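Structure assessment
Below, each chain spelled out in residue letters.
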Amino acid sequence: AYSEALGINDQGQVVGYSYVSGGSIHAFLYTNEDGMIDLTPNSSFAYAWDINSSGQIAGYKANQAFRWQNGAFEDLGVLPGYAYSFAFAINENGQVAGSSKTATGNAERVTRFTNGVGLENLGGGGEFNRAYGINNLGEVVGEGRPNGGLLRAFLYTDALGLQDLRELIVLPEQWFLLAAHDINDAGQIVGYAFNNFTQQTRAVRLRPSTMSCTSLCLRSAEIRLRQSSTGIQA
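Residues numbered from 1 in each chain as written. Predicted model: local features only at pLDDT ≥ 70, side-chain atom pairs only at ≥ 80, totals over all residues. Heavy atoms only, no water.

**A few points about the side chain of Asn91**
What counts, and what does not: Only DSSP runs of H or I with at least four residues qualify as helices, and only runs of E with at least two residues qualify as strands; both kinds are numbered from the N terminus onward. What qualifies as a polar contact is a pair of N or O atoms within 3.5 Å, subject to a donor-acceptor requirement within protein and to the restriction that residues adjacent in sequence count only when both atoms come from side chains.
Within the element layout of this structure, Asn91 appears in the loop between strand 9 (84-90) and strand 10 (96-101). One polar contact links the side chain of Asn91 to the main-chain amide nitrogen of Asn93, over a distance of 3.0 Å. A distance of 2.8 Å separates a polar side-chain atom of Asn91 from the backbone oxygen of Asn135.

Right, here's the structure in full:
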């Protein structure tokens, strides 16, 4: 009765999830040649979230993150002391971004899986921290509590760790960045933010700035923000 597509690669292959008889949720892969393929016929709860150009798929079934390719599932594991894991994004190198959660649900951490390294704890505080996007440099974006407090958009880099994106933008007093959903190799980030001046929530695109750094920047990292709906640039 219901299906939703969540990711697409350069070959036009699509992944997502579909409800099936009895109310189960199954992950699917759609190709022009074969149509919709049920990836998890024996699981009652599964989602496929992203697919790269090599046909590797990231998702989760029965609350365990997986990477799928050519009919084979790879269990990505959980963090030590945690019970569940989730995968939401995959890059062209096969790196997977997501989260790992405790059995009680009172703690969740941002994760990244890399071949030869395994599942890494990228940080976050409290019960909700999730990575939604990863670029080919391994940089990760999402929503969580990088420094405690309210939920907010974050950026993770190997050089600087988990950062609150609001601390990196030019006008932090104007914008509260709620979540970041994806990042490309140029460092451009998309998500949504609340404008403290207009009291409106907007889809936004952030781009690295070429301006010299100010006291608001963190280690010479600065991001400028453009409001998509009106074309007004902060």
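**With respect to the nonpolar core**
Most often, soluble globular proteins keep nonpolar side chains buried together rather than apart. Convention followed: Here, the term nonpolar core denotes a set of buried Ala, Val, Leu, Ile, Met, Phe, Trp, Tyr and Cys residues that are joined through side-chain atoms within 4.5 Å. Here the term buried applies to any residue with accessible area under 20% of the maximum for its type, exposed to any over 50%, and partly exposed to those in between, with areas from a 1.4 Å probe on protein chains only. Pairs of residues are marked as contacts when any of their non-hydrogen atoms sit within 4.5 Å.
Counting residues in each nonpolar core, the largest one holds 14 residues, and the members touching the most others are Val141, Leu155, Leu165, Leu177, Ala180, Ile189 and Leu206. If you list the elements that add at least two residues to this core, you get strand 15 (152-157), strand 17 (175-183), strand 18 (189-195) and strand 19 (200-208). If one sorts the elements of this core by residue count, strand 17 sits on top with four residues. Those residues in contact with Leu155 that lie beyond four places of it in its chain are Val140, Val141, Gly161, Leu162, Gln163, Leu165, Leu168, Ile183 and Ile189.

**Things to note about the pattern of salt bridges**
To be explicit about the condition: Every case where a carboxyl oxygen of Asp or Glu lies within 4 Å of a side-chain nitrogen of Lys or Arg is listed as a salt bridge.
Considering all chains together, one arrives at seven salt bridges under this definition. The shortest N-O distance in the salt bridge between Asp158 and Arg112 comes to 2.8 Å. One end of the pair, Asp158, is in the loop between strand 15 and strand 16 (161-164); the other, Arg112, is in strand 11 (residues 108-114), and 46 residues separate them in sequence. Judged by relative accessible area, Arg112 falls into the buried class, the value being 4%.

**Quick look at the sheet that holds strand 1 (residues 3-8)**
Rules: Note on pairing: DSSP must find at least two bridges between two strands before they are called paired. Between N-to-C directions, angles cover 0 to 180 degrees, with each direction set by a line fitted to C-alpha atoms, over the stretch in contact for helices.
The strand order across the open sheet formed by four strands is 1-2-3-4, and the pairing between neighbours is antiparallel. Single-partner strands in this sheet number two, and they are strand 1 and strand 4 (35-38). The mean angle between the axes of side-by-side strands here comes to 30°, regardless of whether they run parallel or antiparallel. As paired strands, strand 1 and strand 2 (residues 14-19) are joined by five bridges and run antiparallel to one another. By the bridge assignment for strand 2, Glu4 is matched with Tyr17.

**Some details on the confidence of the model for the chain**
The cut-off we apply is this: Residue-level confidence of the predictor, termed pLDDT, takes values from 0 up to 100.
Put simply, the chain has an average pLDDT of 91, and 89% of its residues get 70 or more. In the model, residues 212-221 has pLDDT below 50 throughout and makes 17 contacts with residues more than four positions away in sequence or in other chains. In this model, residues 230-234 is a region of pLDDT below 50 whose contacts with residues beyond four sequence positions or in other chains number eleven contacts.

**Things to note about the sheet that holds strand 6 (residues 57-61)**
Strand pairing in a sheet relies on backbone hydrogen bonds. The paired strands run either parallel or antiparallel. Strand order in the open sheet formed by four strands is 5-6-7-8, with antiparallel pairing between adjacent strands. Each edge of the open sheet is held by one strand with a lone partner, namely strand 5 (46-51) and strand 8 (72-75). Taking the axes of each pair of neighbouring strands and ignoring which way they run, one obtains an average angle of 30° across the sheet.

**Description of the packing of aromatic side chains**
Put simply, the test is: Pairing of aromatic side chains requires ring centres within 6.5 Å, counting the rings of Phe and Tyr and the six-membered ring of Trp. Pairs whose planes differ by under 30 degrees are stacked, by over 60 edge-to-face, and all others tilted. For a lysine, the NZ atom is tested; for an arginine, the CZ atom; a charge sits over a ring if that atom is within 6 Å of the ring centre and within 35 degrees of the ring normal.
A full pass over the atoms with the stated rule returns twelve aromatic pairs. With centroids separated by 4.6 Å and ring planes inclined at 55°, the aromatic side chains of Tyr17 and Tyr47 adopt a geometry described as tilted. A residue pair is termed long-range when its members are at least 10 positions apart, and Tyr17 in strand 2 and Tyr47 in strand 5 qualify at 30 residues. In this structure an aromatic cluster arises from ring pairing among Tyr2, Tyr17, Tyr19, Phe45, Tyr47, Trp49, Tyr60, Phe86, Phe88 and Tyr132. Directly above the aromatic system of Phe73 lies the positively charged group of Lys61, at a separation of 3.9 Å from the ring centroid.

**Brief notes about unusual backbone geometry**
Unlike most non-glycine residues, Asn63 shows phi in positive territory, near 65°. Under the relative-accessibility criterion, Asn63 is labelled partly exposed at 24%. You will see that Asn70, though not glycine, has its phi angle at about 50°, which is positive. By the secondary structure assignment, Asn70 is in the loop between strand 7 (64-69) and strand 8.

**So, the environment of Gly35**
Structurally, the position occupied by Gly35 is in strand 4. Here the alpha-carbon distance between Gly35 and Val14, two residues 21 residues apart in the chain, equals 9.7 Å. Residues in contact with Gly35, not counting those within four places in the same chain, are Leu29 and Tyr30.

**Here we look at the pairing of strand 9**
Summarising burial for strand 9: six of the seven residues are buried, a large majority. Pairing geometry for strand 9 and strand 10, over six bridges, is antiparallel. Residue pairing in the sheet places Tyr84 in a bridge with Lys101 of strand 10.

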